[in-house]
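Descriptive structure summary
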Amino acid sequence: MHKSGLHYFGDWHTHPQSVPTPSGTDLSSMADLFSRSKHELIAFLMVIVGTEGFPDGLHVSVHEANAWSKLPSELAQ
Ligand SMILES: [Zn+2]
C-alpha cells in the first residue's frame, strides 16, 4: 500500500474505559513502531476511543521513539 501512496501514520482502537488512557503495551508498541519503521514523520498518532462521549471519551496522542504527549481535546476535534 505504501507504493500506492498510502502511508502508515498511526493507529486507533477502543478501550472498555469511560475515559481511555493508554496502557503500557500501547505506549511501548507505539515507541517500537515509530523507531523500527522506515518513515519521514516527526511522530505517529494514536487514538483510543472509550465509552464516554466526546471529549472525555476520546484520547489522542502523538508518539516518538522516547516521548509521547496527549493532545488537548480542543486540538482533537
Ligand atoms: Zn489500548
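So, here's what we can say about the structure.

Scoring rules and cut-offs
Residues numbered from 1 in each chain as written. Predicted model: local features only at pLDDT ≥ 70, side-chain atom pairs only at ≥ 80, totals over all residues. Heavy atoms only, no water. 1 Å grid on protein atoms, 1.4 Å probe; cavity = no way out; pocket = protein on both sides within 12 Å on 5 of 7 lines; lining within 4 Å. Points joined across faces, edges and corners; volume = space filled by probe spheres on them. Nonpolar A, V, L, I, M, F, W, Y, C, P; charged D, E, K, R; others polar. Donors = N, O, S within 2.8 Å, 3.2 Å for Na, K, Ca; no water. Tetrahedral: all angles 85-135°; square planar, octahedral: opposite > 155°, others 65-115°. Helix = DSSP H or I, 4+ residues; strand = E, 2+ residues; numbered from the N terminus. Buried < 20%, exposed > 50% of the residue type's maximum accessible area, 1.4 Å probe, protein only. Pairing = 2+ DSSP bridges. Right-handed = clockwise from strand over helix to strand, strands pointing away.

This paragraph deals with the layout of surface pockets. To find leftover empty space, one rolls a probe the size of a water molecule over the atoms. When its volume is computed, the largest pocket comes out at roughly 180 Å³. Lining the largest pocket are His2, His7, Tyr8, Ser37, Lys38, His39, Glu40, Leu41 and Phe44. Within the lining of the largest pocket, the residues separate by chemical class into three nonpolar, four polar and two charged.

Next up on the list: the coordination of the zinc ion. Listed as protein donors to the zinc ion are His13 (NE2), His15 (NE2), Asp26 (OD) and Asp26 (OD); their distances from the metal cover 1.9 to 2.6 Å. For the zinc ion, the four donor atoms in the first shell make angles of 56 to 159 degrees at the metal, so the coordination geometry reads as irregular. When the donors of the zinc ion are listed by position in the chain, the intervening gaps give H-x1-H-x10-D. Of this pair, His13 sits in strand β1 (residues 10–14) while Asp26 sits in helix α1 (residues 24–36), and the two are 13 residues apart along the sequence. Look at His13 and you get partly exposed, because its relative accessible area is 24%.

With respect to the helices, strands and loops of the structure, Val60 is situated in strand β3 (residues 58–63). Relative accessible area serves as the criterion here: at 8%, Val60 is assigned to the buried category. Remark: the alpha-carbon pair of Val60 and Pro22, spanning 38 residues in sequence, is separated by 9.6 Å.

Looking at chain direction, β1 and strand β2 (residues 44–49) are connected through five bridges and run parallel. Following the sheet pairing, Thr14 is matched in β2 by Val49. Following the backbone out of β1, through α1 and into the adjacent parallel β2, one traces a crossover that is right-handed. For β2 and β3, the ladder comprises six bridges, and the chain directions are antiparallel. Looking at β3, one finds that Val49 is bridged to Leu58.

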